[in-house]
Amino acid sequence: MRAISVGALAVLAISACGLATNGGPAAGKLQVVAAENFWGSIAAQVGAVRVEVTSIIKNPNADPHDYEPTAADARTVARAGYFIENGAGYDPWAAKLVAANPVANRRVLDVGGLVGVSEGGNPHLWYSPGFVDRVVARLAADFGTDPSTYETSGLSDYHSTLAAIREKYSGTPVGATESIFVYVARATGLNLVTPPGYMRAISAGADPTAADKAAVDEQVASRSLKVLVFNAQNSTPDVRAVVDRAEAQRLPVVAITETQAPADLTYQDWQTRQLNALLAALGG
């Protein structure tokens, strides 16, 4: 992508953390751009009045894997003093967009790099409570804010719902159509019995092996699962068929989404709503 010239940018300093801010409608605030709105939501709440946050992916129907940045996105990034990308191979376009639109003193937070997940690993990092806590701590340090406010108030219901599932249902066998649910299963102690190869294949848009398909079909048919979780934003014909079979067996099915839906929810409200649906499907 060709870099878009934005002329001379007014650079201010935030005394608490020494990061550059760009002049504009909210001059004096750090201009933060997030590749995806779940990280943008967290950044806006951690940074509070010190930041102005814009998210590039905010349409629930957009696929962050294959997103094609626009000229407007490039102009947005060219104003950013701080950029957040998921990394781990999830949004490779984001790093290219930043490189094509450089700004002096801009900081870039690669979440995958922060938490130690590289390309080839499970990139759905925002579904890991531990990773989210590490991102909150880093953002607070970079923005010069206190992370405890968001951790103890904003994320309170989110963490308590995770704990409720863990306390009541740890070890319960559940299934999932893709790897987006793996981090939640670990955090709650649920026994995710779906073949890992099946989940990785669906997440990557590939065809699972015949053996993995047969295993998933058998788990559904025998009702050896307490709940089946699927990504409603990646409901391929094969996934839909599995969900239909589960519903025909009266096996509880829980839909989750890859990005915030509705888009105007906060990260924690979105996640807590989904966790409460899971908790109810497990038995309440």
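This is a predicted model, so every value here is computed, not measured.

*Asks:* Describe the overall build of the protein chain, and please don't skip the residues or the numbers.
*Replies:* Scanning the protein chain for helices and strands turns up twelve helices and ten strands. Radius of gyration (C-alpha) of the protein chain: 20 Å, near the 19 Å computed for a compact globule of 284 residues. C-alpha atoms of the protein chain, sized along the principal axes, occupy 65 × 40 × 30 Å. For the protein chain, buried positions account for 49% of its 284 residues. Here the protein chain has roughly 12,100 Å² of accessible surface; of this, 51% comes from carbon and sulfur atoms. The distance from the centre of the 22 positive side-chain charges to the centre of the 27 negative ones in the protein chain is 3 Å.

*Asks:* Please give an account of the nonpolar core that cites residues and values.
*Replies:* Ranked by internal contacts, the top residues of the largest apolar core, which has 56 residues, are Trp39, Ile84, Leu139, Phe181 and Tyr267. Per-element tally for this core: the top contributor is helix 5 (residues 129-143), with seven residues. Those residues in contact with Trp39 that sit more than four places away from it in its chain are Ala34, Ile84, Asn86, Val111, Leu125, Trp126, Val132 and Val135. By size, the runner-up hydrophobic cluster in this structure holds 13 residues, among which are Val33, Ile57, Phe83 and Ala94.

*Asks:* Got a sec to walk through the pattern of salt bridges? Specific residues and values, please.
*Replies:* For the coordinates displayed, the defined rule picks out six salt bridges. Residues Glu247 and Arg240 are paired through a salt bridge, measuring 3.6 Å at the closest nitrogen-oxygen approach. The class for Glu247 is partly exposed, based on a relative accessible area of 43%. The class of Arg240 is partly exposed, set by a relative accessible area of 31%. Several salt bridges converge on common partners, so that one network encompasses Asp207, Lys213 and Asp238.

*Asks:* Give me the sheet that holds strand 6 (residues 107-110): which residues, what numbers.
*Replies:* Here we have four strands laid out as an open sheet, ordered 4-3-5-6, and parallel in their pairing. Across the chains shown, the open sheet's two edge strands, defined by having one partner strand only, are strand 4 (51-57) and strand 6. Direction aside, the axes of adjacent strands within the sheet are offset by 15° on average. Relative to strand 4, strand 3 (residues 30-36) runs parallel, the two being bridged by six bridges. Bridge assignment links Val33 to a residue of strand 4, and that residue is Thr54. Along the sheet, helix 2 (residues 71-78) makes contact with strand 3, strand 4 and strand 5 (82-85), crossing strand 4 at roughly 155°.

*Asks:* How would you summarise the side chain of Glu36 if you had to cite specific residues and measurements?
*Replies:* With respect to the helices, strands and loops of the structure, Glu36 is situated in strand 3. Despite its burial, Glu36 remains without a salt bridge, the nearest opposite charge being carried by Lys58 at 14 Å. With residues up to four places along the chain from it excluded, the contact list for Glu36 reads Ser55, Ile57, Pro64, Asn86, Tyr90, Asp91 and Trp93.

*Asks:* Residue-level account of unusual backbone geometry, with values.
*Replies:* Excluding glycine, residues mostly carry a negative phi; peptide bonds, for their part, are mostly trans. Here the amide bond leading from Ala261 into Pro262 is cis, since omega sits at -5°, within 30 degrees of zero. Along the chain, Pro262 turns up in the loop between strand 10 (253-256) and helix 12 (267-282). One non-glycine residue, Ala88, lies in positive phi territory at about 60°. Here Ala88 is to be found in the loop between strand 5 and helix 3 (92-100). Of note in this structure, Asn105 is not a glycine but carries a positive phi near 70°. In this fold, Asn105 is placed in the loop between helix 3 and strand 6.

*Asks:* Explain helix 12 residue by residue, including any values.
*Replies:* Given a rise of 1.5 Å per residue, 16 residues ought to cover 22 Å, and the 23 Å separating the end C-alpha atoms of helix 12 matches this to within 8%. Among the residues making up helix 12, those that are buried are Tyr267, Gln268, Trp270, Gln271, Thr272, Gln274, Leu275, Leu278, Leu279 and Leu282. Phi turns positive one or two residues past the end of helix 12, at Gly283, with a value near 135°.

Criteria and cut-off values
Residues numbered from 1 in each chain as written. Predicted model: local features only at pLDDT ≥ 70, side-chain atom pairs only at ≥ 80, totals over all residues. Heavy atoms only, no water. Helix = DSSP H or I, 4+ residues; strand = E, 2+ residues; numbered from the N terminus. Rg over C-alpha atoms; globule rule 2.2 N^0.38 Å. Buried < 20%, exposed > 50% of the residue type's maximum accessible area, 1.4 Å probe, protein only. Areas by Shrake-Rupley, 256 points an atom, 1.4 Å probe, with all protein chains shown as cover. Lys, Arg positive; Asp, Glu negative; His and termini not counted. Charge placed at Lys NZ, Arg CZ, Asp CG, Glu CD. Core = buried A, V, L, I, M, F, W, Y, C linked by side-chain atoms within 4.5 Å. Contact = heavy atoms within 4.5 Å. Salt bridge = Lys/Arg side-chain N within 4 Å of Asp/Glu carboxyl O. Pairing = 2+ DSSP bridges. Axes fitted to C-alpha atoms, helices over the stretch in contact; angles between N-to-C directions. Expected span 1.5 Å × (residues − 1).

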